[in-house]
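Observations on the three-dimensional arrangement
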Amino acid sequence: MTPPGAVQFCIRLLRRQLLLAVRRPLEIGNPLLFFAMVVALFPLGLGPTPETLAGFAPGVLWITALLSNLLTSDAVFRSDFEDGSLEQLLLAPQPLFMSVLAYIGAHWLTTGLLLAAVSPVFALMLNLPAQAIVALVASLLIGTALLSLIGGIGAALTVGLKRGGMLISLLILPLYMPVLIFGSAAVQAAVGGFPVGPYLAILGAMLCLAIALAPLAMAAGLRISIDA
Amino acid sequence: MWPIFHKFGSPPWLYAIAGAILRWLLPITLLALVTGMVWGLLFTPSENVQGNSYRIIYIHVPAAVVALAGYYVMALAGAVSLIWRMKMADVAMKAAAPVGAALTFVALFTGAIWGKPTWGTWWVWDARITSMLILLFLYLGVVALYEAFDNKEAAGKACAVLSLVGMVNIPIIYKSVDWWYSLHQGASIKFTGETSIHPSMLYPLLLMIAAFYALFTCALLLNMRAELLQREQRTQWVQKLLSKDVVN
Amino acid sequence: MPTRDSGVPVLAARSLCLERGGRELFRELSFTICAGQLWQIEGANGAGKTSLLRILCGLSRYGFTGQVERFAPLLYLGHQSALKALLTPRENLAFHVSGEGCYGDEQIESALARVGLYGYEDVASHTLSAGQHRRVNLARLLLSDATLWLLDEPFTAIDKAGVDELQALLASHVAGGGAVVMTSHQALDVSCDVRYLNLGTGLAA
């Protein structure tokens, strides 16, 4: 019996990760709940005036989405590290580059995609003008994929450490900044009635670069972490 | 070339050569620093608009320039360590991170001191300042990641990966912050005037930049020697070195 | 299971040296493992048995000197079971991350039945005992057609009957042209020759 090809193996991993996520629905719900609660903090801190909130809404929504992504990034490889699955993954004959992409893909499907899907509700709560909602969802769809890829690098480097949680934020938050800048700028442009396309194009370009390079860093990071 | 390359992998050799370089580089650095400082602070004309406060440029600019260059030194050392599996490149990379972080901090700190009399505020979310702040975070990330690992060899490799990731990101971060600033230019304070710098001010500045490069190298070598001793503390050559020091 | 030639090298180690915390665990360790051989790595706790296995399978890449060449697909079973508590044994085998072949339902069922887990195919793995976890991993041995098995303490948590079955399985794998390298503190009672690698004293016939 020959081992499955890289793509077939990727699909197997993706199905496995999604099945694991579905078996523990709370883990899928947590980032969404976090998103909702942090959004609720802003009116309390900034004041409930609709105009104030509308002005801050693009940034608030993006920062909150970024933070909920950050919180879940730590867990991408952790349980597999703890039960020894990661060792087996590294020994698999298929290229690790593709395997980690499958892990990140599953992570994005269970966090970023859902965050983007529920974001219009919170956008309306924060009084974001309706014409900016499409831009918000589109920028979150692309942007959270980028965040998952970058977060995966931090997760791979810290997976072997007992106290990885705080460290991972220090490692990857600086790398998140360009995504935040272009993501919230896209929403702001839509609010002001300017074209959104260029911002999404830049986010898309960064996503392409990240898909090409981030798995290399993740694979290297995992090999180092498993060896430590 | 290969024998030399091989020698770089030998800790005692590296320790000795770093010591030899330091013996003459350290005095030169001190001399250049003192000369540049005295020249810049006392013997240059004062600036038309800013008066004497501009003189902090002789510390601010060299620190910023070398802080940025230091990141590339660190990332290149990281690349060498990953590609050729050279342990000594790890040592160089580990030694560069705190030095670079300190220089970045100096650049930010002097920038704030300079900003108060010039702009009337300690901090401005200017593109360059923000990039330097992110650079500081990147450096601190490397330092923190290194400290978090118990296995120092793995720590070196992990930091090498992280610094390479950072190197790819620095231009992206710089461009996006630059672009972000031009979008938000609300409280407009022009950071750099178009006036070109007068030669009588430029030469001491160039000297100070060179001196800071030398200072960086010295700090790097000193740090590397300390790290080598710590890593190799159980080996014969370190034991011999220590016993010799005790006898002297 | 494809027939394999005995005597073909499947793994070669040359001048392996390992130091941990300034203490030398082994040095200048060179050996070749051929198809049809069963090797047992011996040594006291902390002698470096697990480290050696991890070097042999390629998980350890830094911190040692020497070379390892692998000529055949391998299967490594470590201390941890690599089983997901949320998945059933069937799913654990079907979605296994080690990239082995795609197994059909019947194959998985018959393998689980052979390791004594008939009826447990579709219960969540977290309800199984530690020994049953090991047994799911033994089912991997039955399913896989890797030539070289690297097993770290495979008898841990397995009952007496299971130990006998596993020893028979090892012997039949070796007889079929496979190779096994394992660590264990207990003496093997198998029908084939056992080669010993003692990390305290070096190679022994």
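This text follows the structure it describes.
Residues numbered from 1 in each chain as written. Chains lettered and ligands numbered in written order. Predicted model: local features only at pLDDT ≥ 70, side-chain atom pairs only at ≥ 80, totals over all residues. Heavy atoms only, no water.

All names here are of chain C. Reading across from one edge, E2-E1-E4 is the order of the three strands in this open sheet, with antiparallel pairing throughout. Whereas interior strands pair on both sides, the edge strands pair on one side only; in this sheet they are strand E2 (23-34) and strand E4 (64-70). Neighbour-to-neighbour, the strand axes of this sheet turn through a mean angle of 5°, independent of strand direction. Bridge count for strand E1 (residues 9-20) against E4 is six bridges, and the pairing is antiparallel. The residue of E4 that forms the bridge with leucine 11 is arginine 70. Lying on the sheet, helix H1 (residues 49-57) is in contact with E1, E2 and E4; it crosses E1 at an angle near 130°. (Pairing = 2+ DSSP bridges. Helix = DSSP H or I, 4+ residues; strand = E, 2+ residues; numbered from the N terminus. Axes fitted to C-alpha atoms, helices over the stretch in contact; angles between N-to-C directions. Contact = heavy atoms within 4.5 Å.)

What follows concerns the interface of chain C and chain A. Opposite the 31 residues of chain C that make contact, chain A presents 34 residues. A buried area of about 2,900 Å², summed over both sides, lies between chain C and chain A, and 54% of it is on carbon and sulfur atoms. Of all residues in chain C, Lys84, Phe95 and Val97 of chain C bury the most surface against chain A, accounting for 25% of the area lost on that side. Taken together, the connections running from chain C to chain A amount to four salt bridges. In this structure, the salt-bridge partner of glutamate 91 of chain C is arginine 23 of chain A, at a minimum N-O distance of 2.8 Å. Between the two partners, chain C and chain A, sit 17 residue pairs in polar contact (both at pLDDT 80 or more). Residue assignment for the side of chain C that touches chain A shows that the elements contributing at least two residues are H1, strand E5 (74-77) and helix H2 (89-94) of chain C. Tallied by class, residues from the side of chain C that touches chain A come to 14 nonpolar, ten polar and seven charged. (Buried area = accessible area lost by both parts, 1.4 Å probe. Salt bridge = Lys/Arg side-chain N within 4 Å of Asp/Glu carboxyl O. Polar contact = N/O pair within 3.5 Å; in protein donor to acceptor, adjacent residues only side chain to side chain. Nonpolar A, V, L, I, M, F, W, Y, C, P; charged D, E, K, R; others polar.)

All names here are of chain B. Between helix H4 (residues 87-119) and helix H5 (residues 127-148), the least distance of the axes is 9 Å, while the angle of their chain directions is 150°. The pairing of H4 with H5 is recorded here as roughly antiparallel in orientation. Note on packing geometry: the crossing formed by H4 with H5 is left-handed. Contacts between H4 and H5 involve Lys94, Ala96, Ala97, Pro98, Gly100, Ala101, Thr104, Phe105, Ala107, Leu108 and Trp119 on the former and, on the latter, Ile129, Met132, Leu133, Leu135, Leu136, Tyr139, Leu140, Val142, Val143, Tyr146 and Glu147. For the contact of H4 with H5, the class distribution of residues is 18 nonpolar, two polar and two charged. (Parallel < 35°, antiparallel > 145°, perpendicular 65-115°, else oblique. Left-handed = near helix turned anticlockwise from the far one by under 90°.)

Note that every value here comes from positions in space, so none of it alone points to a role or purpose.
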